[in-house]
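Residue-level structural notes
What follows is each chain in one-letter form.
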Amino acid sequence: MEPAIKFPHRSPEKMKAQHEQAVTDIKAAIISKLTLGVGKDAAQATERDWFLATALAARDRVIHRWLAEERATRAEGRKRVYYLSLEFLIGRLISDVISNLGLTDVFRDALGDLGVDFNRLQAAEPDAALGNGGLGRLAACFMESMATLGIPGSGYGIRYDHGLFRQVIKDGWQHEYPENWLSFRNPWEFARPEVIYDIHFGGRVENTTTPRGTQRAVWHPEERVEAVAFDTPIVGWQDRHVNPLRLWSARAPDPLRLDAFNRGDHVGAASAQARAEAISKVLYPSDETPAGRELRLRQEYFFVSASLQDLVQRHLRDFGDLHSLPLNAAIQLNDTHPSIAVAELMRILIDLHGMEWSEAWQIVVGTLSYTNHTLLPEALESWPVPLFERVLPRHLQIIYRINSEHLKVAEEKFPDDSDFLASVSLIDEHHGRRLRMGHLAFIGSHRINGVSGLHTDLMRKTVFSDLHALYPDRIVNKTNGVTFRRWLNQSNPGLSKLVREACGDVYSDWTRIKKLDEYANDSAFLEKLAAEKRANKVALAKVIRERVGIVVDPSAMFDIQIKRIHEYKRQLLNLMETVALYNAIRSNPNRNWAPRVKIFAGKAAASYKTAKLIIKLANDIARTVNDDPAVRGLLKVVFLPNYNVSLAECIIPAADLSEQISTAGMEASGTGNMKLALNGALTVGTYDGANVEMCDNVGDDNIFIFGLHAHEVEECRAIGHNPGAIIAKTPMLAEVIESIEQGVFSPDDKSRYGELMAGIRNSDYYMISNDFASYAEAQRKIDQVWHTPDVWRRMCVHNIAGMGWFSSDRTIAEYAEDIWSVPV
Ligand SMILES: *Cc1c(COP(=O)(O)O)cnc(C)c1O
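Residues numbered from 1 in each chain as written. Predicted model: local features only at pLDDT ≥ 70, side-chain atom pairs only at ≥ 80, totals over all residues. Heavy atoms only, no water.

A word on the sheet that holds strand E16 (residues 434-436)
Which entries qualify depends on this criterion: We call two strands paired when DSSP finds no fewer than two bridges between them. By the criteria applied, helices consist of DSSP H or I runs no shorter than four residues and strands consist of E runs no shorter than two, each listed in order from the N terminus.
Spatially, three strands are ordered E14-E16-E15 in an open sheet, and the strand pairing comes out antiparallel. Of all the strands in the sheet, just strand E14 (382-384) and strand E15 (427-428) have a single pairing partner and so form its edges. Two strands pair when backbone bridges link them, and E14 and E16 are joined in this way by three bridges, in the antiparallel orientation. Looking at the pairing, Pro384 lines up with Arg434 of E16.

Below you can see the structure in the form of structure tokens.
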């Protein structure tokens, strides 16, 4: 049900007539695009042609609003927000655009008249997978919320030719294939061949003194690459506002060295082009080689420099003077990847606009802010000084100067404390001199935020404790959120309709969803809720059968863990408990088991051996369990390949149980947890990341929490915990480990999991043995609740109702007020 926003206060007959007119118009628009924009006749058009024509017709309906909002922003001199992110995990856009325009029914009917099925047409759009996981998806949700709240802004990133790899499972192992989202043209974007910036690398710096005695640095770079802009309009709910996502593509200034080509060196003639274009070729080039690491640094500088040049130019055009930059622009750095912005903005202000150091520094700190996404030391970027100096010599100079000013302040506040100085320095002297990019982002920002209450707390106490002592007002918390338009309205239209009938337009006002609590004892409502869940599970069962050939029963509990495969996320804990359950069912088949389908999906980084082995284990367990007649009907295990946004949109509405079981203290926030609860799944989780705040919002009785808390994990690690003793005391766990290490699930290679299990016996960094018993106990409690459907459904209602606060509209409104100082 779409709101009748276009024609309020009309009679049903009038509305019907209006709808029919709109359908006629859209039909004509689609046919016109198909003919003139795609060059095809309806009779010859493929599904993809129809998608292109429909997308182009929808895009037309966004442009006027976009240009009007842009004119208004300029005319009123409004402050703009620039969101810099190396990742935007967007997924498909067609239903985003059409449903935010309030035109879903119109397009569906128009296409139906043309003999095209809207659902199949949507499936013809490739996912824009310009991100790895949660961090990139957060950027995409934030773009949509900024447009919905009418905050003028733009996203800045890289237009990768190839996004995240396509995962293919062969014989249980992950294989990576390049993904080709641009191969059939991207109808959403506008190429801006006139918006080009020069990006420089390498060379040397000449330090001169002007006749008036001031020091000047002149960078003589050795290489120039061009950044070309591509804009995608992002439309907010009910077409209130449209913002651009501006992505940069790299190209060489000269496509070919003609002399070399004519000499017969056809490959060498294009080598400069290949080197330049490599920058926007792939998302996250492998960092296993020095060349890969250098490319990553080039990517980061490339998109930061282009974005800053672009926004500085816009500011000068609109306001004439760079001193007012902090008043009129807020730049958010999504993680440390864009942290070179601190030095690049200093360079632009000082070298290119002749500013003094201290006034430039005030502008930088006043404009920038930084979001930290992880406490894992290996994920906090740092660059070897020699590499950095070779790629960005002028920036290294600037960073040294920033560091010396910063250390002066530190020395004043904490005199004679060399450990403190070493810890807050931008240079890590311990590991062969490296630049700490997290520190740089911190020092150059007026606000640094964590992404959940617990994470922010740990940031203050761990990675940034010393910087926090120096700048105690800078760290703030902004708990993540997700956009309900995509993760409820579009992905789960049935549930969305029920929620809207009960609560009104929860998409304009997230606080309204709380009203759903009033329906927790309304048995008619609970029936309708269960029917929607059932329909979504039937649909997912069909997808499972089509993709992996496994038949699952939609009346079983769908127990779901979907996310990147990582040891700290503990898919292994879930798999080991699955084995325990399998063993228990076999030895006690007549107990009152709750039939379950365990569904896993997720990609492992291509170089992450252990994560890839965990995928293989999931597939080995699935084969063994699914083939065993002794458990048939009580337990099925499924690994769905190629997890991405579109697959998430298909799985999440069908979830009964959401697995959020990371080692406490290690998941910064999680957003999958929010999406699943919003769609009526109950959570089994540790007291980690945003799970903590989910507890507060849904009530302790409506969530299954188990395991060590973050401080207990830390204490355990500090005293050196002893997994052997725990395993010896937990026969069920010992049996699981033995069966896996003896090859019960890998008869073709009995030693396959020997090392993996030895890791748990010997060190168990991720605390699987410590949490195993309480996890298994929580699962059996979940079985009991499953057997009382009314209780289960009531809990589902409280979960959906409790998710309002996790709308990314709430998150963005907080950023706007506390960090960006822009009105909402
Ligand atoms: C939401 C989302 C994530 C993040 O999931 P977590 O469970 O928070 O790690 C990753 N990938 C995709 C495709 C998503 O939609």
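Quick notes on the packing of helix H29 (residues 731-741) against helix H30 (residues 754-762)
Test applied: Think of each axis as a best-fit line through the C-alpha atoms, taken over the contacting stretch in the case of a helix, with angles from 0 to 180 degrees between the N-to-C directions. Reported orientations rely on four angle classes, namely roughly parallel under 35 degrees, roughly antiparallel over 145, roughly perpendicular from 65 to 115, and oblique for the rest. Note on convention: near helix rotated counterclockwise from far helix by under a right angle means a left-handed crossing. Clockwise means right-handed. Note on contacts: a residue pair is in contact if any heavy atoms of the two residues lie within 4.5 Å. Under the scheme applied here, ten amino acids are nonpolar (Ala, Val, Leu, Ile, Met, Phe, Trp, Tyr, Cys and Pro), four are charged (Asp, Glu, Lys and Arg), and all others, including Gly, are polar.
Interhelical geometry of H29 versus H30 gives an angle of 150° and a closest axis separation of 9 Å. Considering the angle they form, H29 stands roughly antiparallel to H30. In the packing of H29 onto H30, the handedness of the crossing is left-handed. Contacts between H29 and H30 pair Ile737, Glu738, Ile740 and Glu741 from the former with Met757, Ile760 and Arg761 from the latter. The residue inventory of the contact of H29 with H30, partitioned by class, reads four nonpolar, no polar and three charged.

A word on the sheet that holds strand E12 (residues 329-334)
The nine strands lie next to each other as E7-E10-E11-E4-E1-E12-E13-E17-E18, forming an open sheet whose pairing is mixed. Of all the strands in the sheet, the pair left with one neighbour each is strand E7 (190-201) and strand E18 (475-477). On average, adjacent strands in this sheet sit at an angle of 25° to one another, irrespective of strand direction. Bridging between strand E4 (residues 153-158) and strand E11 (residues 242-251) involves four bridges; their strand directions are parallel.

Considering the environment of Ala718
Put simply, the test is: Buried residues are those whose accessible area, probed at 1.4 Å on protein chains only, stays under 20% of the maximum for their type, while exposed residues exceed 50% and partly exposed ones sit between those limits.
Locating Ala718 in the fold gives a position in helix H27 (residues 710-719). Residue classification places Ala718 among the exposed positions, given a relative accessible area of 67%. As for Ala718 and Glu381, which are separated by 337 residues in sequence, their C-alpha atoms are 25 Å apart.

Some thoughts on helix H31 (residues 768-786)
The α-helix winds at 3.6 residues per turn, so residues separated by three or four positions along the chain end up facing the same way. Convention followed: One less than the residue count of a helix, multiplied by 1.5 Å, gives the span that helix is expected to have.
With 19 residues, H31 should reach 27 Å at 1.5 Å per residue; the first-to-last C-alpha distance of 25 Å fits that figure. Of all 19 residues in H31, 14 are buried; the element is thus mostly enclosed.

Digging into empty space enclosed by the protein
Defined as follows: Lining residues are defined by having an atom within 4 Å of a point belonging to a cavity or pocket. Those points lie on a 1 Å grid over the protein atoms alone, cavities being sets where a 1.4 Å probe fits but cannot get out and pockets being open sets with protein on both sides within 12 Å along at least five of seven lines. Grid points are joined across faces, edges and corners, and a volume is the space filled by probe spheres set on the points.
On inspection of all chains with the given rule, the structure shows five cavities of 30 Å³ or more. The calculated volume of the largest cavity comes to roughly 100 Å³. Along its surface, the largest cavity is lined by Ile90, Leu93, Asp96, Arg137, Ala140, Met143, Glu144, Ile234, Leu245, Thr483 and Arg486. Counting residues per element, the lining of the largest cavity draws most heavily on helix H6 (residues 134-149), at four residues. Here the residues of the lining of the largest cavity are counted per class, giving six nonpolar, one polar and four charged. In this structure, the second largest cavity spans a volume of roughly 60 Å³. Looking at side-chain class alone, the lining of the second largest cavity contains one nonpolar, six polar and four charged residues.

With respect to H29
Regarding H29, the residues found buried are Leu733, Ala734, Val736, Ile737, Ser739 and Ile740. Where H29 is buried, its residues meet helix H22 (571-587), helix H23 (609-627), helix H28 (723-729), H30 and H31. Positive backbone phi, approximately 95°, marks Gly743, located one or two places after H29.

Points about the UniProt feature "modified residue: N6-(pyridoxal phosphate)lysine" (unreviewed entry) in the protein
This is how it is decided: UniProt positions are given in the numbering used here, feature names are shortened, and annotations may be inferred rather than shown by experiment.
UniProt marks Lys675 with the feature "modified residue: N6-(pyridoxal phosphate)lysine" (unreviewed entry), using the numbering shown here. Apart from residues lying up to four places away in sequence, Lys675 is in contact with Arg137, Val482, Trp487 and Ile652.

Section: the site of the ligand
The condition is simple: Any residue with at least one heavy atom within 4 Å of a molecule or strand is counted as near it. In protein, a polar contact requires one atom able to donate a hydrogen and another able to accept it; more generally it is a pair of N or O atoms within 3.5 Å, and residues adjacent in sequence count only if both atoms are side-chain atoms. Residue-level accessible areas treat just the shown protein chains as cover; the underlying method is Shrake-Rupley with a 1.4 Å probe.
Looking at the ligand, there are 14 residues lining it, with Lys563, Lys569, Thr671, Gly672 and Lys675 nearest. Interatomic distance of 2.7 Å between a side-chain N/O atom of Lys563 and an oxygen atom of the ligand. Between Lys569 and the ligand, the recorded distance is 2.7 Å, taken from a side-chain N or O atom to an oxygen atom. Against a free-state accessible area of 390 Å², the protein chains account for coverage of 96% of the ligand. Of all the elements in the fold, those that place two or more residues in the shell around the ligand are helix H24 (645-651) and helix H25 (672-678). Among the residues forming the shell around the ligand, the class breakdown is five nonpolar, six polar and three charged.

Focus: unusual backbone geometry
Phi at Asp171 takes a positive value of approximately 55°, unusual for a residue other than glycine. Within the secondary structure, Asp171 sits in the loop between strand E5 (166-170) and strand E6 (173-177).

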